[in-house]
Amino acid sequence: MKKYSSLKKQLLVITGLWICSIPIYAQRSIKIGDKAPEISVKHWLKGEPIKNFENGKVYVVEFWATWCKPCIELMPHLGELARQYKDKVQVIGINILDRTPKDKIASFVREMGDKIDYTVGLDDGTMSENWFISSGSTGIPTSFIVDQQGKIAWYGNSGLDVMLAKVLNGETSYDLTEKTKPGRPGIMRYLMMPQSEEINLASEKLYEFIEKKDYDKALAYYDALCKDSAAVAAGVVDVYFEALINIDQKKSLSFYKNLIQNEDRWQYWVTWIVVNKEGLSKEFYLHAKKLLEPTLLDKSWLGQPLLREALPEVYFRLGEKDKAIDTIQDWIDKLKQLEGGEYMLKLAEGRLKRYKDSKMH
Amino acid sequence: MMLLIIALTVYKASGQQPVLWTASAKPLKDNTFEIRLIASISDGWYIYSQFMGNKGPLPTSITYKKNPSVDILGKVEEIGELKQKYESSFGIDVKYYYNKVEFIQQVKLNGKLPVTLNGSVAYMGCNAQMCMPPQVEDFKVVLR
């Protein structure tokens, strides 16, 4: 799961900085009309194993998991389709993203009996990535129809029956202009997640060093983590940054730039650290500004109240006093209308006072 | 505090992102803080409670990273309109929430403010037609 594109690797080398902590998510993407990715199964749990797609035959590749109620409910109907188109269509159920042990999944399939009347296999980890995530699918059950030429004719959550009939009648016309959808980092995050206990320990260790101002030790510890497990290191990027910014501004600036370029999941929190740190070079705040201005238009962002304070602070540090006052005032106005906002209001008003009292023009 | 967060979390029902998480910290007395993690769930979707067995769907689970300046007090409490029913697809009782559920954790500060507390939430959401695969989102709150 530790994947780095060579291009990114090169870029990081060029900037003189190796960030071990930025995993590159789901690089590939597939769309309707593309050649279907391979069938790559760890174990076949039911029916005849399928090695590849035969010319002239249509396949339904159905992704499911034992935690998914709608998937389980759909199974009898897939069996009906398999029987209805017996000689023309092969239905394959692929279990993905399931942490249930293999033998439990096998006994689940056995217990379902006739309700699963088609071939079933267990993903070896590549199909969830190459089919499900690469297609930008967000939920299961998701069905793919592979046509007589081995191309993806359709995929989706509803409308399988209609589309299957069309494909069998040769009625599909592929819209090759359809844009590919990117994979979802959140799902990959689940697949890649190391035991959170490891991250806990790493984070605790780093905080200990920072408290004692042993920044060099913190950096050395992080470097060692990078070599051992990039995924664990990725979980403590923010803590590492807190240590780095205290001893090496130049290095932390390129680290920060890379976080933003790669849309690392810690970019906003690292920004919060940047914004509240005195005496940084102007470049830090310019990057923060570029990140925060558009972000604040997206109201869905987690932990957003902090960013509402962060942007005015960035303006203030860049000497844009009027903008700082405007944006914090806007936040104060919102807080005043809300029940229970008193505590946040106090903090925001403190910032406003500081901006107004400053001699900056 | 609760109203504040909800009013800020403007969202539309969306297949892409049916659950949105918001985290905040509020000081109580005696160096104690309350961390509130709120799941805002799109119409028709639900997420599972923390308190279910290992079989079937993934229960929601919240972990806080250890931080020497903060003691975690007790367990994560959940507040919402809990639904519970026997689910024959899984052979277990499932517990789940529509619309909104809050996960509340009390912590005690034993160092200096401000302190940043890190955590992650693992969860899965479903509606009548589909389920999102279990995923993990990181969050942070600043005690200040």
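About the criteria used
- Residues numbered from 1 in each chain as written.
- Chains lettered and ligands numbered in written order.
- Predicted model: local features only at pLDDT ≥ 70, side-chain atom pairs only at ≥ 80, totals over all residues.
- Heavy atoms only, no water.
- UniProt positions renumbered as here; feature names shortened; annotations may be inferred.
- Helix = DSSP H or I, 4+ residues; strand = E, 2+ residues; numbered from the N terminus.
- Buried < 20%, exposed > 50% of the residue type's maximum accessible area, 1.4 Å probe, protein only.
- Contact = heavy atoms within 4.5 Å.
- Core = buried A, V, L, I, M, F, W, Y, C linked by side-chain atoms within 4.5 Å.
- Disulfide = S-S within 2.5 Å.
- Phe/Tyr/Trp six-rings, centres within 6.5 Å; stacked < 30°, edge-to-face > 60°.
- Pairing = 2+ DSSP bridges.
- Axes fitted to C-alpha atoms, helices over the stretch in contact; angles between N-to-C directions.
- Parallel < 35°, antiparallel > 145°, perpendicular 65-115°, else oblique.
- Left-handed = near helix turned anticlockwise from the far one by under 90°.
- Nonpolar A, V, L, I, M, F, W, Y, C, P; charged D, E, K, R; others polar.

Labelled according to an unreviewed UniProt entry, chain B appears under the name Disulphide bond corrector protein DsbC, originating from Pedobacter nyackensis.

Chain A is annotated in an unreviewed UniProt entry as Thiol-disulfide isomerase or thioredoxin from Pedobacter nyackensis. Turning to chain A, the UniProt annotation filed under Subcellular location (unreviewed entry) states: "Cell envelope".

Caption draft 1: Highlighting the overall build of chain B. In terms of regular secondary structure, chain B is built from 1 helix and 11 strands. Secondary structure elements of chain B occur, N-terminal to C-terminal, as α-β-β-β-β-β-β-β-β-β-β-β. Taken across its 144 residues, chain B has 58% of its residues classed as buried. Considering only residue pairs separated by 6 or more positions, chain B has 68% of its internal contacts joining residues 24 or more positions apart.

Caption draft 2: Layout of the nonpolar core. In terms of nonpolar packing, the biggest core is built from 63 residues, with Val61(A), Phe63(A), Trp131(A), Ile140(A), Ile145(A) and Tyr48(B) touching the most fellow members. Counting 62 residues, the second largest nonpolar core, distinct from the first, contains Leu311(A), Trp331(A), Ile332(A) and Met344(A).

Caption draft 3: Just the environment of Gly119(B), in detail. Residue and element names in this part refer to chain B. In this structure, Gly119 sits in strand S9 (residues 115–123). The buried category is assigned to Gly119, whose relative accessible area is 4%. Residue contacts for Gly119: discarding those within four places in its chain leaves Thr63, Tyr64, Lys65, Glu137, Asp138 and Phe139.

Caption draft 4: Here's a closer look at the state of the cysteines. All names here are of chain B. Summed over all chains, the structure comprises 2 disulfides over all chains. A disulfide bridge connects Cys126 with Cys131, and the sulfur atoms are separated by 2.2 Å. Disulfide Cys126 to Cys131: torsion about the S-S bond roughly 100°, handedness right-handed. There is no split in this pair, since Cys126 and Cys131 are both buried.

Caption draft 5: Representation of the packing of aromatic side chains in the model. For the coordinates displayed, the defined rule picks out 22 aromatic pairs over all chains. Arranged with centres 5.5 Å apart and planes meeting at 90°, the rings of Tyr46(B) and Tyr48(B) form a pair that is edge-to-face. The class of Tyr48(B) is buried, set by a relative accessible area of 2%. An aromatic cluster of at least three residues, connected via ring pairs, comprises Phe53(A), Tyr59(A), Phe63(A), Trp131(A), Phe144(A) and Tyr155(A).

Caption draft 6: Fine view of the sheet that holds strand S6 (residues 152–156) of chain A. Residue and element names in this part refer to chain A. Spatial ordering of the open sheet is given by S1-S4-S3-S2-S5-S6, a layout of 6 strands whose pairing is mixed. Only two strands of the sheet have a single neighbouring strand rather than two, namely strand S1 (41–46) and S6. On average, each strand axis in the sheet is tilted by 20° relative to the strand beside it, whichever way the strands run. In this structure, strand S2 (residues 58–64) lies alongside strand S5 (residues 142–146), joined through 5 bridges in antiparallel fashion. When the sheet's bridge partners are listed, Val60 is paired in S5 with Ile145. Against the sheet, helix H2 (residues 69–84) touches S2 and strand S3 (89–95), its axis set at about 165° to S2. Packing against the sheet, helix H4 (residues 126–133) makes contact with S1, S2, S3, strand S4 (119–123) and S5, and its axis sits at approximately 110° to S2.

Caption draft 7: Region of the structure containing the pairing of strand S6 (residues 83–87) of chain B. Residue and element names in this part refer to chain B. Pairing of S6 with strand S7 (residues 92–98) involves 5 bridges; the strand directions are antiparallel. What sits directly across from Gln84, in S7, is Lys95. With antiparallel pairing between neighbouring strands as the criterion, S6 and S7 make up a hairpin whose turn holds 4 residues, including Gly91 at a positive phi of roughly 70°.

Caption draft 8: Spotlight on the packing of helix H12 (residues 267–275) of chain A against helix H13 (residues 282–295) of chain A. Residues and elements named next belong to chain A. Relative to each other, H12 and H13 sit at 130°, their axes nearing to 10 Å. One way to sum up the angle between H12 and H13 is to call them oblique. Where H12 crosses over H13, the handedness of that crossing is left-handed. Between H12, through Gln267, Tyr268, Thr271, Val274 and Val275, and H13, the contact on the second element is made entirely by Phe284, Tyr285, Ala288, Leu291, Leu292 and Thr295. Looking at side-chain class alone, the contact of H12 with H13 contains 8 nonpolar, 3 polar and no charged residues.

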